[in-house]
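# Structure at a glance
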Amino acid sequence: MLGGWMECCPSTVETQRHVFKVKKVKKARPCQVCHTPVVKVGSCCRVCKYLVHKACEPKVSTLTLVLRCCCYLSVGLVRQC
């Protein structure tokens, strides 16, 4: 599911709160809430790398899933910003 490295060691899935920060976007990417393009500036979660419009932040669920593994300190389950 998340790549071949998962077999290397035991891992756990934890829940954490989203922590959004302002992110400059060089190439338009879809908002993960409304699916319209995020152009120039959006909000990106420091925990899971969720990218959304500032206006869509309140629509995101409070918690996110994070995989903890001895090989990687923290790997979000959503693609990186």
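In case you missed it, the structure is sitting above this.
Overview of the structure.

### Some remarks on the sheet that holds strand S3 (residues 37–45)
- Reading across from one edge, S2-S3-S4 is the order of the three strands in this open sheet, with antiparallel pairing throughout. In this open sheet, the two strands that pair with only one neighbour each are strand S2 (20–30) and strand S4 (51–52).

### A few points about the nonpolar core
- Residues Val-25, Cys-31, Val-38, Cys-44, Leu-51, Val-52, Cys-56 and Val-60 constitute the largest nonpolar core, which totals eight residues.
- Mapped by element, the contributors of at least two residues to this core are S3 and S4.
- Beyond its immediate sequence surroundings of up to four residues, Cys-31 is in contact with Thr-36, Val-38, Leu-51, Val-52, His-53 and Cys-56.

### Here we look at the side chain of His-18
- For His-18, the location among the structural elements is in the loop between strand S1 (11–17) and S2.
- Within polar-contact distance, the side chain of His-18 engages the backbone oxygen of Ser-61 at 3.4 Å.
- Dropping the residues within four chain positions of it, His-18 is found in contact with Cys-45, Cys-48, Tyr-50, Val-60, Ser-61, Thr-62, Leu-63 and Thr-64.

### Section: the environment of Gln-32
- With respect to the helices and strands, Gln-32 occurs in the loop between S2 and S3.
- A relative accessible area of 28% means that Gln-32 is categorised as partly exposed.
- Linking Gln-32 and His-53, residues 21 residues apart in sequence, is a C-alpha distance of 8.7 Å.
- A distance of 2.9 Å separates a polar side-chain atom of Gln-32 from the backbone nitrogen of Leu-51.

What counts and what doesn't
- Residues numbered from 1 in each chain as written.
- Predicted model: local features only at pLDDT ≥ 70, side-chain atom pairs only at ≥ 80, totals over all residues.
- Heavy atoms only, no water.
- Pairing = 2+ DSSP bridges.
- Helix = DSSP H or I, 4+ residues; strand = E, 2+ residues; numbered from the N terminus.
- Core = buried A, V, L, I, M, F, W, Y, C linked by side-chain atoms within 4.5 Å.
- Buried < 20%, exposed > 50% of the residue type's maximum accessible area, 1.4 Å probe, protein only.
- Contact = heavy atoms within 4.5 Å.
- Polar contact = N/O pair within 3.5 Å; in protein donor to acceptor, adjacent residues only side chain to side chain.

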